[in-house]
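# Breakdown of the fold
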Amino acid sequence: LFQLALNIRQADLKEYPANAHFRDELAKLLATGYVNDRERKVDYLRQAEDLLQELLEKSSESQELRARLASTRLDLGTLIAERGDHDEAEKLWLRAMIAYSQLASDFPDVPSYVSGKASVLANLAELSLNMDADRREEGVRYSDQAIQHRAQLAERYPNTHEFKFK
């Protein structure tokens with residue numbers, strides 16, 4: 001079913017290459033990527049990232065597109081880190097962190113942006129702590145920042161299960 005939907009969206013975009021709606025719908029579908037094959041999932045996320053980046057170049061103020069691009073980079077970095085390409089994962093996570101930081105600044109009442117940033121910081125902390133001893137300080141700094149963001153969310157949203165701090 002996923003492959004059928006993907007084929008339809010790709011055909012729509014091929015027939016109407018300038019249609020932003022079709023690009024957006026294809027990016028959404030690719031980012032969800034209901035596949036078990038990690039390499040295909042990486043490929044789909046890369047395609048989604050490219051499409052979202054193109055859309056943002058035309059509509060840089062779109063909160064939804066900015067958030068989806070940050071999330072796509074977080075997910076893509078995670079998959080790439082799992083296969084051992086730590087340098088590329090780090091670059092993706094740093095770009096996701098910048099995006100989440102900007103989103104959290106522009107939309108302070110949206111907790112998922114702070115949560116996304118905390119997730120990226122936790123990933124960067126783990127990566128830095130596990131890469132080599134020279135990056136230990138950096139890893140601890142990322143970890144402290146992730147903990148601070150999670151604690152702020154727990155304090156600000158005490159009744160939201162997702163943000164309960166342990």
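In this report, we go over the structure that sits alongside the text. Please read these numbers as outputs of a predicted model, since none were measured by experiment. (Residues numbered from 1 in each chain as written. Predicted model: local features only at pLDDT ≥ 70, side-chain atom pairs only at ≥ 80, totals over all residues. Heavy atoms only, no water.)

### Description of the overall build of the protein
Applicable threshold: Strands here are runs of E lasting at least two residues and helices are runs of H or I lasting at least four, both read from the DSSP assignment and numbered beginning at the N terminus. Each radius of gyration reported is based on C-alpha atoms, and the globular scaling rule is 2.2 Å times the count of residues to the power 0.38. Here the term buried applies to any residue with accessible area under 20% of the maximum for its type, exposed to any over 50%, and partly exposed to those in between, with areas from a 1.4 Å probe on protein chains only. Contact definition: two residues touch when any of their heavy atoms are within 4.5 Å. Charged residues are defined narrowly, with Lys and Arg counted positive, Asp and Glu counted negative, and His plus the chain ends left uncounted. Where a charge sits is defined by one atom per residue type, namely NZ (Lys), CZ (Arg), CG (Asp) or CD (Glu).
Check the secondary structure of the protein and you find seven helices and zero strands. The C-alpha atoms of the protein give a radius of gyration of 17 Å, which matches the 15 Å a tight globule of 166 residues would have. Here the protein holds 166 residues, and 43% of them are scored as buried. Intrachain contacts of the protein at a sequence separation of at least 6 include 54% that bridge at least 24 residues. Taking the average place of the 23 positive charges on the side chains of the protein and the average place of its 29 negative ones, the gap between the two points comes to 3 Å.

### Some words on the packing of helix H2 (residues 20–32) against helix H4 (residues 63–82)
To characterise two packed helices, one gives the angle between the axes of the helices and the distance between these axes. Cut-off, in case you're wondering: Here an angle of 0 to 180 degrees is reported between the N-to-C directions of two axes, which are lines fitted to C-alpha atoms, with helices fitted over the stretch in contact. Working definition: roughly parallel below 35 degrees, roughly antiparallel above 145 degrees, roughly perpendicular at 65 to 115 degrees, and oblique for all remaining angles. Note on convention: near helix rotated counterclockwise from far helix by under a right angle means a left-handed crossing. Clockwise means right-handed.
Remark: H2 packs on H4, axes separated minimally by 11 Å, with the N-to-C direction vectors making an angle of 30 degrees. Considering their axes alone, H2 and H4 lie roughly parallel with respect to each other. Two packed elements cross with a definite hand, and for H2 against H4 that hand is left-handed. Note on element contacts: H4 touches H2 through Glu64, Leu65, Arg68 and Thr72, opposite Asp24, Ala27, Lys28 and Ala31.

### Concerning the pattern of salt bridges
The criterion, for reference: Basic side-chain nitrogens of Lys or Arg form a salt bridge, by our definition, when they fall within 4 Å of a carboxyl oxygen of Asp or Glu.
Across all of its chains, the model carries ten salt bridges by this definition. Arg83 is paired through a salt bridge with Glu39; the nearest N and O atoms lie 2.5 Å apart. With Arg83 in the loop between H4 and helix H5 (86–106) and Glu39 in helix H3 (residues 38–58), the pair connects residues that are 44 residues apart, well separated along the chain. Among the residues examined, Glu39 registers a relative accessible area of 43% and is labelled partly exposed.

### Regarding the packing of aromatic side chains
Just so we agree on the cut-off: Centre distance within 6.5 Å is the pairing criterion for rings of Phe, Tyr and Trp, where only the six-membered ring of Trp is used; planes under 30 degrees apart are then read as stacked, over 60 as edge-to-face, and the remainder as tilted.
Counted by the stated rule, this structure contains one aromatic pair. Centroid distance Phe107 to Tyr113: 6.3 Å. Interplanar angle 65 degrees. Geometry classified as edge-to-face. When its relative accessible area of 24% is taken as the criterion, Phe107 is described as partly exposed.

### Some details on helix H1 (residues 2–15)
To keep it simple, the criterion reads: Multiplying 1.5 Å by the residue count of a helix minus one yields the expected span of that helix. Regarding the arc, it is the one traced by the directions from the helix axis to the C-beta atoms.
With 14 residues, H1 extends 20 Å between its outermost C-alpha atoms, agreeing within 8% with the 20 Å of an ideal straight helix rising 1.5 Å per residue. Of the positions making up H1, those classed as buried are Phe2, Leu6, Asp12 and Leu13. Along H1, the residues classed as buried sweep out an arc of 125 degrees about the axis, all on the same side. The outward face of H1, more than 90 degrees from its buried face, is lined by the exposed residues Leu4, Lys14 and Glu15. On its buried face, H1 is in contact with H2 and H3.

### Overview of the environment of Ala146
Structurally, Ala146 can be placed in helix H7 (residues 136–156). Along the primary structure Ala146 and Ser62 are separated by 84 residues, whereas in three dimensions their C-alpha atoms are 26 Å apart. Leaving out residues up to four positions away in the same chain, Ala146 has contacts with Ala118, Leu121 and Ala122.

### Notes on the packing of H4 against helix H6 (residues 111–131)
Selection criterion: Charged means Asp, Glu, Lys or Arg here, nonpolar means Ala, Val, Leu, Ile, Met, Phe, Trp, Tyr, Cys or Pro, and polar covers whatever is left, Gly included.
Packing of H4 against H6 leaves a shortest axis separation of 11 Å and a crossing angle of 20 degrees. Taken together, the axes of H4 and H6 are roughly parallel relative to one another. Viewed along their axes, H4 and H6 form a crossing whose handedness is left-handed. When H4 is examined against H6, the residues Gln63, Ala67, Leu74 and Thr78 are found in contact with a partner set consisting of Tyr113, Gly116, Ser119, Val120 and Asn123. Class assignment for the residues of the contact of H4 with H6 results in four nonpolar, five polar and no charged.

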